[in-house]
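Chain by chain, the residues:
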Amino acid sequence: MSIIPSFFGGRRTNVFDPFSSLDVWDPFKDFPFPTPSFDASRETSALVNTRVDWKETPEAHVFKADLPGIKKEEVKVEVEDDRILQISGERNVEKEDKNDTWHRVERSSGKFTRRFRLPENAKLNEVKASMENGVLTITVPKEEVKKPDVKSIQISG
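Residues numbered from 1 in each chain as written. Predicted model: local features only at pLDDT ≥ 70, side-chain atom pairs only at ≥ 80, totals over all residues. Heavy atoms only, no water.

1. Points about the sheet that holds strand E4 (residues 84-91)
At step 1: Strand order in the open sheet formed by three strands is E3-E4-E5, and the pairing between neighbours is antiparallel. Both edges of this open sheet fall to strand E3 (75-80) and strand E5 (110-117), since each of them pairs with a single strand only. Here the average twist between neighbouring strands, direction ignored, is 15°.
At step 2: Examined bridge by bridge, E4 and E5 share eight bridges and lie antiparallel to one another. Among the inter-strand pairings, arginine 91 is bridged to a residue of E5, identified as glycine 110. (Pairing = 2+ DSSP bridges. Helix = DSSP H or I, 4+ residues; strand = E, 2+ residues; numbered from the N terminus. Axes fitted to C-alpha atoms, helices over the stretch in contact; angles between N-to-C directions.)

Okay, structure coming up:
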């Protein structure tokens with residue numbers, strides 16, 4: 001057993017194992033904070049840090065999110081009335097066999113949500129999303145920005 005508590009639901013690290021995660025320690029483990037309905041020691045929200053790239057092209061805003069190991073059925077893409085694009089989903093915890101010995105748990109599980117405020121020129125009714133090889137691509141077309149008509153005024157005098 002390790003001297004340092006583990007995040008991973010009783011899976012302790014071995015003090016004599018040089019590859020064990022002795023650097024993982026939860027200083028708030030024994031504090032009486034309100035706990036959510038799920039077992040927090042088994043589900044982490046590290047996917048909150050889901051990496052998303054946002055680029056703007058002349059035609060659209062393009063978002064790309066890395067979601068490895070998540071099926072498209074487990075991801076939800078929504079656009080709210082106030083121009084908020086929301087990407088959410090959940091990666092379930094892998095089933096654990098009591099005979100297994102875990103040496104390291106680095107892959108995250110749990111719910112994730114990312115929100116982005118879209119600019120005024122976003123066509124909210126034409127948003128498209130696709131998923132390929134663990135990469136979610138969301139395309140938000142842009143409205144053509146109408147340039148104001150400039151009328152020259154002749155100065156008399």
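And the narrative resumes.
2. Re the packing of aromatic side chains
For any pair of aromatic rings, the description rests on two quantities: the centre-to-centre distance and the angle between the ring planes.
At step 1: Across all of its chains, the model carries three aromatic pairs by this definition.
At step 2: Here the aromatic rings of phenylalanine 63 and phenylalanine 116 are separated by 5.2 Å at their centres, their planes lie at 50°, and the arrangement is tilted. Taken as a pair, phenylalanine 63 in strand E2 (residues 60-66) and phenylalanine 116 in strand E5 lie far apart in primary sequence, 53 residues in all. We note that phenylalanine 63, like phenylalanine 116, is buried.
At step 3: Here the aromatic residues Trp54, Phe63 and Phe116 are joined through ring pairs into a cluster of three or more. (Phe/Tyr/Trp six-rings, centres within 6.5 Å; stacked < 30°, edge-to-face > 60°. Buried < 20%, exposed > 50% of the residue type's maximum accessible area, 1.4 Å probe, protein only.)

3. Here's the deal with the sheet that holds strand E1 (residues 52-56)
In any sheet, the strands associate via hydrogen bonds between backbone groups, in a parallel or an antiparallel arrangement.
At step 1: Across the sheet, which stays open at both edges, the four strands sit in the order E1-E2-E7-E6 with antiparallel pairing between neighbours. The open sheet has two edge strands, E1 and strand E6 (128-132), and neither has a second partner. For this sheet, the mean inter-axis angle between neighbouring strands, taken without regard to orientation, is 15°.
At step 2: Note: E1 against E2, five bridges, orientation antiparallel. Bridge pairing in E2 places tryptophan 54 opposite phenylalanine 63.

By themselves, these figures tell us nothing about what the structure is for.
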